[in-house]
Amino acid sequence: MHINDMIADAERTGEPSFSFEYFPPKTAQGVQNLYDRMERMYDFGPKFVDITWGAGGRIAELTCDMVLQAQTFFGLETCMHLTCTDMGEEKVNDALQKAYKAGCTNILALRGDPPREKEKWEATDGGFQYARDLVAHIRKKYGNHFSIGVAGYPEGCDDNKDEESLLDHLKEKVDMGGTFIVTQMFYDADNFVRWVGKVRERGINVPIVPGIMPIATYASFHRRANHMNCKIPEKWMAALEPIKNDDSAVREVGKVLVAELCRKIMSAGIVHLHFYTMNLAQATRMVLEELDWLPSSQRPRQQPLPWKQSLGFGRREEDVRPIFWRNRNKSYISRTQEWDEFPNGRWGDSRSPAFGELDAYGIGLTGSNESNRAKWGEPKSIGDIGNLFVRYLEKELDSLPWSEAPLSGEAGPIKDNLINLNKRGFITINSQPAVDGVKSTHPIHGWGPPNGFVYQKGYLELFIHPDLYDEVIRRIESRDTLSYYAVNQAGNFTTNAPSEGPNAVTWGVFPGKEIVQPTIVESVSFLAWKDEAYRLGNDWARCHEANSPSRALIESIMNQWYLINIVNNDFHDSISIFELFDGLEVKDLNTPVSSSGIPTNGTNGIHKDTNGVAPSN
């Protein structure tokens, strides 16, 4: 979506909106940490993010990679910076093509700073002299595909302090095809409002996006303000100077000052703010909290679908996914990115049965062996693994090998049931409660456009000990409303599903639309997921030393246990799935295993009474 259209929507609704800027880090670990942070900050609700341009070589490539990641894997509408510095026409065209193929529809066109070794800016041979030339080139080559942003300078720029001259240049950039203006950072609200008036007097009517720099520490605040030659109000200095050596106090005072700046800007008719995050989350989050702009239970972030949409090239119309990947968004996108087309909601030939190889980006377990051991410990018994999953359900952990993100609020109605299962040795990796027609604006279960109703069937996916497997299958097959798929690592597959076709487990009913069925269970995708699910477990095992009890334990689970998913086709009922497991528990639950994976007392199986029937809990 074009940024100027986003801002027009904000003007129509009266809802304030905001965006974040990030820059390419210098190290590989820094890149991975930033990706993790960008994904977490997605939940803050930015309308878009932008990625600064790293002129030349590896950093330029990294900018393009970050745009691809943000659009494709994180579902973040992204604006790519592009500068004239060290960029001939061929390099510019290459960068634009990469942005286009990433699904990016917004570019911020800048002249750029001179390289460090040069005092004055000079155009590259065969390149562009001014930002207006770059704007004209983009517009000529790509028509209206890109919304093109240009820079505005309320307090002048490094090599030009003449306001009238800068306004002339701004008008030229807009006349050449610029559709929105992003300003340099500033802290003087009154001067900004005055400058906006001057811009409008020039007949420049495109949206203006003010750049806001939150305050993380006094030193960084002072350094950046001096570097940008921006005026710091005396009131700010009086508040910050006495506490400059206390970073926590600076952030607390700073959030109030920056929030006050934001309110003054908004009161002047501006509807969208752009935060220069410096790749940090805390200071920006504190300002948004002070403004009461973060999503909350009373004001949830409305999602168009119950899973995070990809905005990658060709994927914006995708509206159906198998439920198995609900906690593995990047993996699903990686494995389907070569598909020619995606499901369109009518089950048929438009669904591709082909899933990509397991060596694609995002398929295996992320993180180093050391970091994963630090997160998940070194389990010695099945009970230890169950307790690990309980900690995740209690939100003491923010990830598991099969779940990239923290537990969502959706699990609330069945959390106690899930905890109970894991304490008894059932390893639950995916689930959803039944939902019977809640409003699409519901703060937890809602998705899609307003004035609709959403439904979902109870669902549970878990690893089951082989000694419990036959009994669980017998109980499922005795109940008419339950269907299942089950498989082990060797590929032995069973099901009671009436066909190989999809079973919709989530759907929505909205005014003026056909029923939307965005989440399904089906055999083809389950068998593709099976390979990934067992691989994740084996990757986790290999985080531990060879011949260690932890490695042996996890490998024995992957080698012997069954992966099973169960759907309760009665969408009024969340409980029957859990009643299946009444009286069942893995024997020797808390007995440590040896390096061979065998409990040290040499036994295994389930608890039974003298009549051979599993006792009730």
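Each chain carries its own residue numbering, running from 1 in the written order of its sequence. Where totals are concerned, whole chains, interfaces and linings use all residues; where local detail is concerned, this predicted model gives features only for residues with pLDDT of at least 70, and gives and counts side-chain atom pairs only at 80 or more. Remark: hydrogens and water are excluded; side-chain values derive from all non-hydrogen atoms of the structure.

Re the overall build of the protein
(1) Moving on: Each helix is a run of DSSP H or I of at least 4 residues and each strand a run of E of at least 2, with the numbering of both proceeding from the N terminus. Within the protein, the secondary structure is distributed over 19 helices and 18 strands.
(2) Moving on: When a residue's accessible area, from a 1.4 Å probe over protein chains only, is under 20% of the maximum for its type it is buried; when over 50% it is exposed; and in between it is partly exposed. Going through the 617 residues of the protein one by one, you find that 54% of them count as buried.
(3) Moving on: The long-range share in the protein, meaning contacts at least 24 apart out of those at least 6 apart in sequence, stands at 72%.
(4) Moving on: For the area figures, the Shrake-Rupley method with a 1.4 Å probe applies, and any residue is considered shielded solely by the protein chains shown. When the accessible surface of the protein is summed, it comes to about 27,100 Å², and 47% of that surface belongs to carbon and sulfur atoms. Whether two residues are in contact is decided by their heavy atoms: any pair within 4.5 Å suffices.

Let's talk about the packing of helix 14 (residues 382-393) against helix 15 (residues 415-423)
(1) Moving on: At a closest axis distance of 8 Å, the pairing of helix 14 and helix 15 adopts a crossing angle of 165°. Our classification of the angle between helix 14 and helix 15 gives roughly antiparallel. The interaxial crossing formed by helix 14 with helix 15 has left-handed handedness. Contacts between helix 14 and helix 15 involve Gly386, Phe389, Val390 and Leu393 from the former and Lys415, Leu418, Ile419, Asn422 and Lys423 from the latter.
(2) Moving on: In terms of residue class, the contact of helix 14 with helix 15 is made up of five nonpolar, two polar and two charged. Helix axes are fitted to C-alpha atoms over the stretch in contact, other axes to C-alpha atoms as well, and angles between N-to-C directions run from 0 to 180 degrees. To sort the angles, those under 35 degrees are grouped as roughly parallel, those over 145 as roughly antiparallel, those from 65 to 115 as roughly perpendicular, and the leftovers as oblique. In a left-handed crossing the near helix is turned counterclockwise from the far helix by less than a right angle, and in a right-handed crossing that turn is clockwise. The nonpolar class holds Ala, Val, Leu, Ile, Met, Phe, Trp, Tyr, Cys and Pro. Asp, Glu, Lys and Arg form the charged class, and all remaining residues, Gly among them, are polar.

Examining the nonpolar core
(1) Moving on: Here the nonpolar core consists of buried residues drawn from Ala, Val, Leu, Ile, Met, Phe, Trp, Tyr and Cys, with membership extended through side-chain atoms lying within 4.5 Å. Grouped together as the largest cluster of nonpolar side chains are 100 residues, with contacts concentrated most on Met80, Leu82 and Tyr187.
(2) Moving on: Residue contacts for Tyr187: discarding those within four places in its chain leaves Met213, Pro214, Ile215, Phe221, Ala225, Cys230, Lys231, Pro233, Trp236 and Leu261.
(3) Moving on: Within the second largest apolar cluster, 71 residues are counted, among which are Leu400, Ile476, Trp561 and Leu584.

Some remarks on the pattern of salt bridges
(1) Moving on: Salt-bridge detection follows one rule: a side-chain nitrogen of Lys or Arg within 4 Å of a carboxyl oxygen of Asp or Glu. Throughout the structure, instances matching the rule amount to 33 salt bridges.
(2) Moving on: Note that Glu77 is salt-bridged to Arg316, the shortest N-O span being 2.6 Å. On the criterion of sequence distance, the pair formed by Glu77 in the loop between helix 3 (57-72) and strand 3 (78-83) and Arg316 in the loop between helix 11 (282-291) and strand 9 (321-322) is long-range, its members being 239 residues apart.
(3) Moving on: Judged by its relative accessible area of 29%, Arg316 falls in the partly exposed class.
(4) Moving on: As a salt-bridge pair, Arg535 and Asp539 come within 3.4 Å of each other at their nearest N and O atoms. Note that Arg535 and Asp539 are positioned in helix 17 (residues 523-541) at a spacing of four residues, about one turn of the helix.
(5) Moving on: A residue is classified by how much of its surface remains accessible, and Arg535, at 28% relative accessible area, is partly exposed.

Side note on the confidence of the model for the protein
(1) Moving on: Per-residue confidence from the predictor is reported as pLDDT, a score between 0 and 100. Of the residues in the protein, 90% reach a pLDDT of 70 or more, and the chain-wide mean stands at 88.
(2) Moving on: Contacts from residues 344-350, a stretch scored under 50 in pLDDT, to residues over four places away or in other chains number 15 contacts.
(3) Moving on: Confidence over residues 603-617 falls short of pLDDT 50; this stretch has 29 contacts with residues more than four positions distant or in other chains.

What to know about the sheet that holds strand 1 (residues 17-22)
(1) Moving on: The sheet built from eight strands closes into a barrel, its strands ordered 1-2-3-4-5-6-7-8 with parallel pairing. Neighbouring strand axes in the sheet, compared pairwise and without regard to direction, differ in orientation by 30° on average.
(2) Moving on: Strand pairing is assigned whenever DSSP identifies at least 2 bridges connecting the two strands. As judged from the two bridges shared by strand 7 (residues 208-212) and strand 8 (residues 272-276), these two strands associate in the parallel manner. Across the sheet, the residue bridging to Ile212 is Phe275, located in strand 8.

Considering empty space enclosed by the protein
(1) Moving on: The rule is simple: put a 1 Å grid over the protein atoms alone, call a set of points where a 1.4 Å probe fits but cannot get out a cavity, call an open set with protein on both sides within 12 Å along at least five of seven lines a pocket, and count a residue as lining if it has an atom within 4 Å of a point. Grid points are joined across faces, edges and corners, and a volume is the space filled by probe spheres set on the points. Within the structure shown, the criterion is met by three cavities of 30 Å³ or more.
(2) Moving on: The computed volume of the second largest cavity comes to approximately 60 Å³.
(3) Moving on: Taken together, Met213, Pro214, Ala216, Arg224, Tyr276, Thr277, Met278, Leu280, Ala283 and Thr284 form the lining of the second largest cavity.

Re the packing of helix 4 (residues 89-101) against helix 5 (residues 131-142)
(1) Moving on: Running from N to C, helix 4 and helix 5 cross one another at 55°; their axes reach a closest spacing of 12 Å. The angle between the axes of helix 4 and helix 5 places the two elements in the oblique class. Between helix 4 and helix 5 lies a crossing of right-handed hand. Judged by residue contacts, Glu89, Val92, Asn93, Leu96, Gln97 and Tyr100 of helix 4 engage Leu134, His137, Ile138, Lys141 and Tyr142 from helix 5.
(2) Moving on: Residue composition of the contact of helix 4 with helix 5, by class: six nonpolar, three polar and two charged.

Some points on the packing of aromatic side chains
(1) Moving on: Ring pairs are drawn from Phe, Tyr and Trp, using the six-membered ring of Trp, whenever the two centres fall within 6.5 Å, and their geometry is named by plane angle: stacked under 30 degrees, edge-to-face over 60, tilted for the rest. Counting across every chain of the model gives 35 aromatic pairs.
(2) Moving on: Ring plane angle 55° and centroid distance 5.4 Å describe the contact between Trp325 and Tyr332, whose orientation is recorded as tilted. Residues Trp325 and Tyr332 agree in their burial class; the two are buried.
(3) Moving on: Their ring planes at 70° and their centres at 5.4 Å tell us that Trp447 and Phe510 sit as a pair that is edge-to-face. Taken together, the positions of Trp447 in the loop between strand 11 (435-439) and strand 12 (453-456) and Phe510 in the loop between strand 16 (503-509) and strand 17 (516-521) put the pair 63 residues apart, joining distant regions of the chain.

Remarks on the state of the cysteines
(1) Moving on: Criterion for a disulfide: a pair of cysteine sulfur atoms at a distance within 2.5 Å. Throughout the structure, instances matching the rule amount to zero disulfides.
(2) Moving on: Left unpaired, Cys79 is separated from the closest cysteine sulfur, that of Cys104, by 6.5 Å.
(3) Moving on: In this structure Cys79 comes out as buried when scored by relative accessible area, which is 1%.

Looking at the sheet that holds strand 16
(1) Moving on: As summarised here, the arrangement of the five strands in space is 9-17-16-12-11, forming an open sheet in which the pairing is mixed. Two strands in the sheet have a free side with no partner beyond their single neighbour: strand 9 and strand 11.
(2) Moving on: Two strands pair when backbone bridges link them, and strand 12 and strand 16 are joined in this way by four bridges, in the antiparallel orientation. Each bridged residue has a counterpart across the sheet, and for Gln456 the counterpart in strand 16 is Thr506.

Here's the deal with the pairing of strand 13 (residues 458-464)
(1) Moving on: Of all seven residues making up strand 13, seven are buried, and the element is well covered by its neighbours.
(2) Moving on: Residues Gly458, Leu460, Leu462 and Ile464 line one face of strand 13 and the alternating positions Tyr459, Glu461 and Phe463 line the opposite face, and both faces are buried.
(3) Moving on: Bridge count for strand 10 (residues 427-432) against strand 13 is five bridges, and the pairing is antiparallel. When the bridges of strand 13 are listed, Ser431 appears paired with Leu460.
(4) Moving on: Bridge count for strand 13 against strand 18 (residues 562-568) is seven bridges, and the pairing is antiparallel. By the bridge assignment for strand 18, Tyr459 is matched with Val567.

With respect to helix 1 (residues 3-13)
(1) Moving on: Every buried residue of helix 1 is listed here: Ile3, Asn4, Met6, Ile7 and Ala10. An end-on view of helix 1 places all buried positions within 155° of arc, on one side of the element. Among the exposed residues of helix 1, those oriented more than 90 degrees off its buried face are Arg12 and Thr13.
(2) Moving on: One or two steps after helix 1, the chain reaches Gly14, where phi turns positive at roughly 80°. The reported arc concerns the directions from the helix axis to the C-beta atoms and nothing else.

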